[in-house]
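Remarks on the overall topology
One-letter residues, chain by chain:
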Amino acid sequence: MPESLSLARLTDAARFAAIDAETNPSPWSEEAFRESLGRSRGFAARDEAGVVLGFVVYTAVAGACEILELAVTVSARRRGIARRLLDAAITDAVSEGARRCLLEVRDSNTAARALYAGAGFVVDGRRKSYYRTPEGREDALLMSCDL
Ligand SMILES: CC(C)(COP(=O)(O)OP(=O)(O)OC[C@H]1O[C@@H](n2cnc3c(N)ncnc32)[C@H](O)[C@@H]1OP(=O)(O)O)[C@@H](O)C(=O)NCCC(=O)NCCS
């Protein structure tokens, strides 16, 4: 497995923003990642040269882990990187006392929904018309997993 996971650094913010902008219709800015990494936790998957291929940003507060952002660069998808990042975030959050993991995902995001379902998440809510799309709005699914 050539990719290795390590703690995210504030200096990763620009690369995270570039990966997020590849396919997220509402990407976070570099500044948003820098702020979030200052307050939250994160892991990056890096190739042998240290180039970031994917990342997860999450919180672990009051017994709950919340996945804030998770993305893998297009050319490195379907290699299991997202699943490893998700597992690393959950393992860390459990060590901080988390008993539940929560996240929001676009209704149309079949890849992410399959990833989360495979990791044991279930849909337990829906926010109508929560996200903007080029055509209008779409629902957010609220997913959770007992840890
Ligand atoms: C969703 C995303 C993070 C998955 O990253 P990835 O590294 O390719 O995912 P993995 O290789 O770890 O896949 C794990 C499982 O997720 C599911 N999955 C991943 N991509 C999928 C796809 N395009 N279609 C269907 N299922 C998919 C599969 O069940 C897969 O297991 P398998 O390969 O054994 O079938 C990636 O597509 C991405 O960055 N998308 C844009 C950002 C995004 O949507 N983030 C989530 C926001 S909530």
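Everything in this summary refers to the structure shown in the same document. All figures in this text were calculated on a predicted structure; none of them were measured in a lab. (Residues numbered from 1 in each chain as written. Predicted model: local features only at pLDDT ≥ 70, side-chain atom pairs only at ≥ 80, totals over all residues. Heavy atoms only, no water.)

1. What about the overall build of the protein?
To keep things clear, this is the line we draw: Note on conventions: DSSP H or I runs of at least 4 residues are helices, E runs of at least 2 residues are strands, and numbering of each starts at the N terminus. Throughout, the radius of gyration refers to the C-alpha atoms, and the reference size of a globule is 2.2 Å times the residue count to the power 0.38. Categorising residues by exposure relies on relative accessible area from a 1.4 Å probe, with only protein chains included: less than 20% of the type maximum marks a residue as buried, more than 50% marks it as exposed, and the intermediate range marks it as partly exposed. Contacts: residue pairs with any heavy atoms within 4.5 Å of one another. Surface exposure here means Shrake-Rupley accessible area, sampled with a 1.4 Å probe, where a residue is shielded only by the protein chains that are shown. In summary, the charge assignment counts Lys and Arg as positive and Asp and Glu as negative, without counting His or the chain termini. Positions of charges follow a simple convention, taking NZ of Lys, CZ of Arg, CG of Asp or CD of Glu.
Scanning the protein from N- to C-terminus turns up four helices and seven strands. The order of α-helices and β-strands along the protein, N terminus first, is β-α-α-β-β-β-α-β-α-β-β. Against the compact-globule benchmark of 15 Å for 147 residues, the protein has a radius of gyration of 15 Å, which places it among compact chains. By its C-alpha atoms, the protein is 40 × 40 × 30 Å across when sized along the principal axes. Counting over 147 residues, the protein shows a buried share of 41%. Residue pairs in contact within the protein that sit at least 24 positions apart in sequence constitute 59% of those at least 6 positions apart. Carbon and sulfur atoms form 51% of the exposed surface of the protein, whose accessible area is close to 7,900 Å². The averaged location of the 21 negative side-chain charges in the protein is 2 Å from the averaged location of its 20 positive side-chain charges.

2. A few points about the site of the ligand
Filter applied, for reference: Throughout, near means a residue has at least one heavy atom within 4 Å of the molecule or strand. Any pair of nitrogen or oxygen atoms within 3.5 Å is treated as a polar contact; in protein, a donor-acceptor pairing is required on top of that, and neighbouring residues in sequence qualify only through side-chain atoms on both sides. The classification used treats Ala, Val, Leu, Ile, Met, Phe, Trp, Tyr, Cys and Pro as nonpolar, Asp, Glu, Lys and Arg as charged, and all other residues, Gly among them, as polar.
Near the ligand you find 19 residues, and of these Leu-70, Val-72, Arg-78, Gly-80 and Asn-109 are the closest. One of the backbone nitrogen or oxygen atoms of Ala-82 is found 3.0 Å away from an oxygen atom of the ligand. Top element by residues in the shell around the ligand is helix α4 (residues 110-118). It accounts for five residues. Class assignment for the residues of the shell around the ligand results in eleven nonpolar, three polar and five charged.

3. A word on unusual backbone geometry
Phi angles above zero are rare outside glycine, and Arg-78 is one such case at about 60°. Even without glycine at this site, Ser-129 takes up a positive phi of about 50°.

4. Focus on the packing of aromatic side chains
Applicable threshold: Only Phe, Tyr and Trp rings take part, Trp by its six-membered ring, and two of them pair if their centres are within 6.5 Å. Stacked means planes under 30 degrees apart, edge-to-face means over 60, and tilted covers everything else.
On inspection of all chains with the given rule, the structure shows seven aromatic pairs. Look at Tyr-130 and Tyr-131: their rings are 5.1 Å apart centre to centre, the planes differ by 80°, and that puts the pair in the edge-to-face class. Using a relative accessible area of 39% as the deciding quantity, one classes Tyr-130 as partly exposed. Each residue in the set Phe-16, Trp-28, Phe-33 and Phe-55 is aromatic and connected to the rest through ring pairs, giving one cluster.

5. What to know about the environment of Leu-10
Checked against the element boundaries, Leu-10 lands in the loop between β1 (4-7) and α1 (13-23). Taking the C-alpha atoms as reference, Leu-10 lies 32 Å from Ser-129; in sequence the two are 119 residues apart. Excluding anything up to four places from it in sequence, Leu-10 contacts Arg-34, Leu-37 and Gly-38.

Read these as spatial facts, not as claims about activity.
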